[in-house]
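Here's the letter readout for the chains.
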Amino acid sequence: MIQPATLTWLAGHELRLSWRDWVSLMTAGRRHRTRTVAIALVLFAALMHLIAWSMVGRYADVTADKSTLVIVTGSMLLSWSLLLSQAMESVTRAFYTRSDLDLILASPVSPRKVFSIRIGRIAGSVALIAMLLASPFINILTFFGGAHWLAAYGVVAAMGAVAAAFAVALTIALIRTIGPKRTRLIAQIVAAVIGAAFVIGLQVAAILSTGSLSRFAPLQSETVMTHAPSADSALWLPARAVMGDLAALAVVAGVSLILLAASILIFAGNFGEHATAASGVSSAVVRQRPVRGFRRRSPGSVLRHKEWTLLLRDPWLISQTLMQILYLLPPALMLWISFREGGGALIVLIPVVVMAAGQLSGGLAWLSISGEDAPDLVATAPVMARRITIAKVEAVLGAVAIIFAPLVIALTFASLFSALICGLGILIAAAAATYIQLCFRVQARRSQFRRRQTSSRIATFAEALSSIGWAATSALAASGSFLALFPAVMALGILAGVRVIAPRA
Amino acid sequence: MTLYRPIALGIRGLCKAYDRPAVDHLDLTIYGGEFYSLLGPNGAGKTTTLRVVAGLLKPDAGSIAIDGIDALADPVAAKQITAWLSDEPMIYDKLTPFEYLEFVAGLWRIDAKDAERSATELTEWLGLSPHAHERCEGFSKGMRQKVALAGALVHDPKVIILDEPLTGLDAGSARQVKNVLKERVRAGGTVIMTTHILEVAERMADRIGVIAHGRLIAEGTLDELRRQTGQTATSLEDTFLTLVAETVPVAAE
């Protein structure tokens, strides 16, 4: 029997919450879907293993030479930047959600003890997600190359722990420097930028050096190889650990645990204080410029205006959108170089832009169509439900048009045909992603939408596959190939499938 | 001579079931210019009835006429003259009260100038003027409820349906809300309100309906209800408890 209020007891409580959170994330809050979700997960895992096999299967027997160590380290840094971004998101959420904060601080349990476990829980969640995502790649490498690759699981867990430690330190540093009110927005933007920065940095380097969008191109360049330390350098310890060097794994695991423990020791004591300060921010007064007289607008117009206002005033959404826009920087740079040099790189650029448009529209559509803070008001208004939906779709497509129009206009100066294909691709990918979200719409408040927890997993995957399909269609159409029909048919098939399996209203 | 009284809300044979019947062949008539209070124990079917009337739920059977308009056949026309307010104020955190009211006015296609004048009056009456241009995200429950009430009234509805509008309000806010509602009834509007605060029903309602197990078990003025229980000098609370207690064995049978 575990004694109440001990570290083990609290860890058990946090574990239970994490488990329920995860089940809710997977089943979109509907427990009866557990079987369907389990089948979908198995299928997804099989697909991921197939993809992993095509990507890393041939590298299972590589040796730890300098070139391999550079590539592995680069991939790890890339993944770690994403882990740090995810951890910052989790820490920000822990700070700004009131949740059980009052209960914890009012209880006779030491807050240090509770928040130590909570930081540990964040580290555990980040590590677990990272291990799950990395598992197809590690399993394939293990299957074809040997059990020594299993050490990679330990490295991924260590990366999660370090990411959580840094995320806590960064967020608390932000709160101390700029205050809890500003930290809410800035931390989310920092998380988005960190998540995107390394990938984008490598892509920009690749464009400037090799003219391609491959993020691995700079890592294989002669310059990097010349300046990189020799293969026996301590810098490559994490990469060596991934490849099965147990001594290196012990060092990596030890360092990560020390960093996590230090973060817990330093910050757990004040975590509650900062969390209280942060959660109180929601009651801060935000004054807007007074409305200069009511304007005469149709119901459709007021609905669109309302959606745009809410989207613009949502810091979380701004950070997410910023991330999407950041990913457009490398293609934009490529466009600029291509335009200057008259190169034919536009075909590589178009699918990236179309894919980004599909993903952004899906996110906006999800928030706009399913997230409604005043559903009763809208439902009792003398407006047909169809008109309300149309206005919301218009709001999403309008926002996407505003974001992508400059890029398409710039493209017309390079190639009118490419611009036309790109514009059409953006429109179709955006409309398809919006349609998918319409089919899987649910009714929830926007505050519940931070992690798309109530979103259907099927909708999310269908949206990604549809965007990939339309991106491939655009690329092939821009190159003048009739093969463009194949991905288009595939994308249409996905939409038809969505229509069939979508829950009836 | 009998005075002609227009019917603001006429419900006939209304049925709505979830796992079990929530509203069971309910008949209800509420007259124009009346303050009608619908009482009943938890799970009696009050909220379901009002949500069906407001167009938020589809009934399984029955008919609903709002000011003579068939609400099931022509929901848009019925909604044009109706307002709905629930106990949980549903407003947009990122909008200010004025922006919210402008949005509501747009949905109801109200003339911009009239809507602005009405919004200014309502925010003044409800004590929201100092906060009219602040985002609602920092508002207390009472302030949020007042913003929602202003939204319900800004389009000058003929029939105002309120589900527990005073829940969680402090005495000052509750008085402001009650005053605004009384004013609406004086101006000829019809207010239909559910409440668990029996004192409010006792003081404000022209007629009271008691609902249990989805059926109307008693209706009338407070005196008429007292007479039904055979206890003339008791409070509404005693009357209500007697009426509800009488239905329990019937329902159990």
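As the structure is a prediction and not an experimental result, all values here were calculated from the model. (Residues numbered from 1 in each chain as written. Chains lettered and ligands numbered in written order. Predicted model: local features only at pLDDT ≥ 70, side-chain atom pairs only at ≥ 80, totals over all residues.)

(A) Examining the overall build of chain B more closely. From N to C terminus, chain B includes 9 helices and 10 strands. Taking 2.2 N^0.38 as the reference for a compact globule, 253 residues should give roughly 18 Å; the C-alpha atoms of chain B span a radius of gyration of 18 Å, in line with that estimate. Counting only C-alpha atoms, chain B reaches 55 × 45 × 40 Å along its principal axes. Within chain B, the proportion of its 253 residues that are buried is 48%. When contacts within chain B are restricted to residue pairs at least 6 apart in sequence, those whose partners lie at least 24 apart make up 70%. (Helix = DSSP H or I, 4+ residues; strand = E, 2+ residues; numbered from the N terminus. Rg over C-alpha atoms; globule rule 2.2 N^0.38 Å. Buried ≥ 20, exposed ≤ 12 C-beta atoms within 10 Å, placed from the backbone. Contact = placed C-beta atoms within 7 Å.)

(B) Focus on the overall build of chain A. Helix and strand counts for chain A stand at 18 helices and 0 strands. Buried residues in chain A amount to 40% of all 505 residues. When contacts within chain A are restricted to residue pairs at least 6 apart in sequence, long-range pairs at least 24 apart make up 81% of them.

(C) Quick look at helix H1 (residues 46-53) of chain B. Residues and elements named next belong to chain B. In terms of residue burial, H1 counts as a mostly covered element, since 8 of its 8 residues are buried. Turning to H1, its buried residues are Lys 46, Thr 47, Thr 48, Thr 49, Leu 50, Arg 51, Val 52 and Val 53. Gly 55, located one to two residues past H1, shows a positive phi value of around 90°.

(D) Looking closely at the interface of chain A and chain B. The partner chain B presents 35 residues to the 33 residues of chain A that form the contact. Of all the secondary structure elements, the ones that give two or more residues to the side of chain A that touches chain B are helix H10 (299-312) and helix H14 (375-380) of chain A. For the side of chain A that touches chain B, the residue count by class is 17 nonpolar, 7 polar and 9 charged. (Nonpolar A, V, L, I, M, F, W, Y, C, P; charged D, E, K, R; others polar.)

(E) Examining the environment of A:Lys306 more closely. All names here are of chain A. Tracing the backbone shows Lys 306 in helix H10. We classify Lys 306 as buried; it has 25 C-beta atoms within 10 Å. C-alpha of Lys 306 to C-alpha of Ile 258: the two residues are 48 residues apart in sequence and 49 Å apart in space.

(F) Local environment of the sheet that holds strand S10 (residues 215-220) of chain B. Residue and element names in this part refer to chain B. Strands sit in the order S6-S7-S8-S3-S9-S10 across an open sheet of 6 strands; the sheet is mixed. Only two strands of the sheet have a single partner each, and these edge strands are strand S6 (82-85) and S10. Ignoring which end each strand starts from, the neighbouring axes of this sheet average 15° apart. Relative to S10, strand S9 (residues 207-212) runs antiparallel, the two being bridged by 5 bridges. Its bridge partner being in S10, Ile 211 is matched across the sheet by Leu 216. The strands touched by helix H8 (residues 222-229) within the sheet are S9 and S10, with S10 carrying the most contacts at an inclination of about 115°. (Pairing = 2+ DSSP bridges. Axes fitted to C-alpha atoms, helices over the stretch in contact; angles between N-to-C directions.)

(G) The confidence of the model for chain B, seen in detail. Residues and elements named next belong to chain B. Of all residues in chain B, 95% have pLDDT values of 70 or greater, and the mean over the chain is 88. Between residues 249-253, whose pLDDT stays under 50, and residues either more than four places distant or in other chains, the model counts 1 contact. Scored as a whole, the predicted complex attains pTM 0.73, and scored at its interfaces, ipTM 0.85. (pLDDT = per-residue confidence, 0-100.)

(H) Inspection of the sheet that holds strand S5 (residues 69-70) of chain B at higher detail. Residues and elements named next belong to chain B. Strand order in the open sheet formed by 4 strands is S2-S1-S4-S5, and the pairing between neighbours is antiparallel. Each having just a single partner strand, strand S2 (21-31) and S5 make up the two edges of the open sheet. One ladder, built from 5 bridges, connects strand S1 (residues 7-17) with strand S4 (residues 61-66); its direction is antiparallel. Within S4, the position partnered with Leu 9 by the bridge is Ile 66.

(I) View of helix H16 (residues 416-439) of chain A. Here H16(A) is 24 residues long and its end C-alpha atoms lie 34 Å apart, about the 34 Å a rise of 1.5 Å per residue gives. Counting buried positions over the 24 residues of H16(A) gives 17, a clear majority of the element. (Expected span 1.5 Å × (residues − 1).)

(J) Region of interest: unusual backbone geometry. Residues and elements named next belong to chain B. Phi angles above zero are rare outside glycine, and His 25 is one such case at about 50°. Here His 25 lies in strand S2. For Asp 156, which is not glycine, the phi dihedral falls at a positive 50°. Structurally, Asp 156 is set in the loop between helix H5 (141-153) and strand S7 (159-163). By the C-beta count within 10 Å, which is 15 here, Asp 156 ends up partly exposed.

(K) Geometry of the pairing of S1(B). Residue and element names in this part refer to chain B. In this sheet, S2 lies alongside S1 in antiparallel orientation, the contact comprising 7 bridges. For Lys 16, the partnering residue across the bridge sits in S2 and is Val 23. Counting the residues in the hairpin turn of S1 and S2 gives 3 residues.

(L) Focus on the environment of A:Arg297. Structurally, A:Arg297 can be placed in the loop between helix H9 (246-279) and H10. Spatially, the C-alpha atom of A:Arg297 lies 67 Å from that of A:Ser233, the residues being 64 residues apart in sequence. Not counting chain neighbours up to four residues away, the residues in contact with A:Arg297 comprise A:Val302, A:His305 and B:Gly106.

(M) Representation of the packing of helix H3 (residues 97-107) of chain B against H5(B) in the model. Residues and elements named next belong to chain B. Running from N to C, H3 and H5 point in directions that differ by 30°, and their axes come no closer than 9 Å. Taken together, the axes of H3 and H5 are roughly parallel relative to one another. Note that H3 runs across H5; the crossing there is right-handed. Facing Pro 97, Tyr 100, Leu 101 and Val 104 of H3, the residues of H5 in contact are Val 147, Ala 150 and Gly 151. A class-by-class count of the residues in the contact of H3 with H5 yields 6 nonpolar, 1 polar and no charged. (Parallel < 35°, antiparallel > 145°, perpendicular 65-115°, else oblique. Left-handed = near helix turned anticlockwise from the far one by under 90°.)

(N) Quick look at the nonpolar core. Membership of the largest hydrophobic core comes to 202 residues, with the highest contact counts inside it found for A:Ala163, A:Ala164 and A:Val353. Among the elements that take part in this core, helix H6 (residues 151-210) of chain A stands out by supplying 23 residues, more than any other. (Core = buried A, V, L, I, M, F, W, Y, C linked by C-beta atoms within 7 Å.)

(O) Region of interest: the pairing of S7(B). Residues and elements named next belong to chain B. Within S7, 5 of the 5 residues are buried, leaving the element largely enclosed by the surrounding structure. Neither face of S7 is open: one carries Val 159, Ile 161 and Asp 163, the other Ile 160 and Leu 162, and all of them are buried. Chirality of the crossover, the property in question, places the unit of S7, helix H6 (residues 171-186) and strand S8 (residues 190-194) among those that are right-handed. (Right-handed = clockwise from strand over helix to strand, strands pointing away.)

(P) Representation of the environment of B:Gly62 in the model. All names here are of chain B. Following the sequence through the fold, Gly 62 ends up in strand S4. Gly 62 gets classed as partly exposed once you count the C-beta atoms within 10 Å, which come to 17. Separated by 48 residues in sequence, Gly 62 and Leu 14 have C-alpha atoms that sit 4.1 Å apart. Other than its neighbours up to four places away in sequence, Gly 62 contacts Ile 11, Arg 12, Gly 13, Leu 14 and Cys 15.

(Q) Looking closely at the packing of H16(A) against helix H18 (residues 485-501) of chain A. Residues and elements named next belong to chain A. Running from N to C, H16 and H18 cross one another at 15°; their axes reach a closest spacing of 10 Å. Relative to H18, H16 is oriented roughly parallel. Judged by the twist between their axes, the crossing of H16 over H18 is left-handed. Residues Ala 432, Tyr 435, Ile 436 and Cys 439 of H16 form the contact with H18, whose participating residues are Ala 491, Leu 495, Val 498 and Arg 499.

(R) Highlighting the confidence of the model for chain A. On average, chain A scores 82 in pLDDT, and the residues at 70 or more come to 85%. Of all secondary-structure elements in chain A, the lowest mean pLDDT belongs to helix H12 (residues 329-341) of chain A, at 65, while H16(A) reaches the highest, 93.

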